[in-house]
Amino acid sequence: MRDTIEKRLKAVNDRIRDASLACGRDPKSVRLIAVSKTVPADRVHTAIKAGATALGENYVQEAREKIQALKEEDVSWHFIGHLQSNKAKYAVGLFDLIHSVDSVKLAKELNRRAGASGKVQDILIQVNISGEETKSGIEAEQALDLVREISFLENLTICGLMTMPPYFNAPDKVRPYFRALRSLQTLIRQEAIPNVEMTELSMGMTGDFETAIQEGSTLVRIGTAIFGGRA
Ligand SMILES: *Cc1c(COP(=O)(O)O)cnc(C)c1O
């Protein structure tokens, strides 16, 4: 198993490098988030020893235990799942970057909790770029207003945007959605809102990360290609 995770991680890093160079990007401008949801701590540890530096988790309770078990490791933890406001206090204590902020309510709660623990919390705005009803994330048309409204919250830094496209393992079908997220990023950046950085684009998973890199992704969230299929 150890061998497999090491080999897979290397293969993914090679593919990120190749995809970046092929479209004229510096490979260092794309960071790999190894998505470790449902993966036990010992296998995550193997990935860390093999060079993974950022881990992505979807469930607060599961992440809490794993982060505790791996607390000696010098890695960053990212929250990429749906976050309920009542879990905000835990999330602030656990995660370096929260990818899934999609409401004023959640942002305010995170701001309050960050302030209470003397932290400035980095966040991304999750955008429902396809407009499908079932997907979480704020509608693209409302994203700028959300950013404006929460830019005043002093314990948050809005670092960029995140999306989940409506298709899996269909790189050519998802390209327009990645492109749309990047356009939205450009539009928001042009507003030059104080306290808003907007440098990150979290997009691309196992089935489509090369397309995402071509379209400007800075954070690719990859689980299956590193850890294998989830039960
Ligand atoms: C599970 C998950 C991923 C990783 O998906 P893979 O297809 O296993 O690479 C990425 N982003 C989010 C939000 C996820 O929930």
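Since we're looking at a predicted model, the values are computed, not measured.

Student: Just checking my understanding: could you explain the overall build of the protein chain for this structure?
Tutor: Across its full length, the protein chain holds nine helices and nine strands. Relative to a compact globule of 231 residues, whose C-alpha radius of gyration would be 17 Å, the protein chain shows 17 Å and is just as compact. For the protein chain, the proportion of its 231 residues judged to be buried stands at 52%. For the protein chain, restricting intrachain contacts to residue pairs at least 6 apart in sequence, the fraction spanning at least 24 positions comes to 60%. Per element, the accessible surface of the protein chain, about 11000 Å² overall, is 48% carbon and sulfur. With 31 positive and 30 negative side-chain charges, the protein chain shows a separation of 3 Å between the mean positions of the two kinds.

Student: Teacher, can you tell me more about the nonpolar core here?
Tutor: Nonpolar side chains tend toward joint burial in soluble globular proteins. Of all hydrophobic cores here, the largest spans 66 residues; its most connected members are Leu110 and Ile125. Element by element, the count of residues in this core is highest for helix H6 (residues 140-150), at six residues. For Leu110, the contacting residues outside a window of four places in its chain are Leu83, Ala88, Val92, Ile98, Val101, Ile123 and Leu156. Ala54, Leu97, Cys159 and Met162 belong to the second-largest nonpolar core, a separate cluster that totals seven residues.

Conventions and cut-offs
- Residues numbered from 1 in each chain as written.
- Predicted model: local features only at pLDDT ≥ 70, side-chain atom pairs only at ≥ 80, totals over all residues.
- Heavy atoms only, no water.
- Helix = DSSP H or I, 4+ residues; strand = E, 2+ residues; numbered from the N terminus.
- Rg over C-alpha atoms; globule rule 2.2 N^0.38 Å.
- Buried < 20%, exposed > 50% of the residue type's maximum accessible area, 1.4 Å probe, protein only.
- Contact = heavy atoms within 4.5 Å.
- Areas by Shrake-Rupley, 256 points an atom, 1.4 Å probe, with all protein chains shown as cover.
- Lys, Arg positive; Asp, Glu negative; His and termini not counted.
- Charge placed at Lys NZ, Arg CZ, Asp CG, Glu CD.
- Core = buried A, V, L, I, M, F, W, Y, C linked by side-chain atoms within 4.5 Å.

Everything listed here is a matter of coordinates, which is why it stays silent on function.
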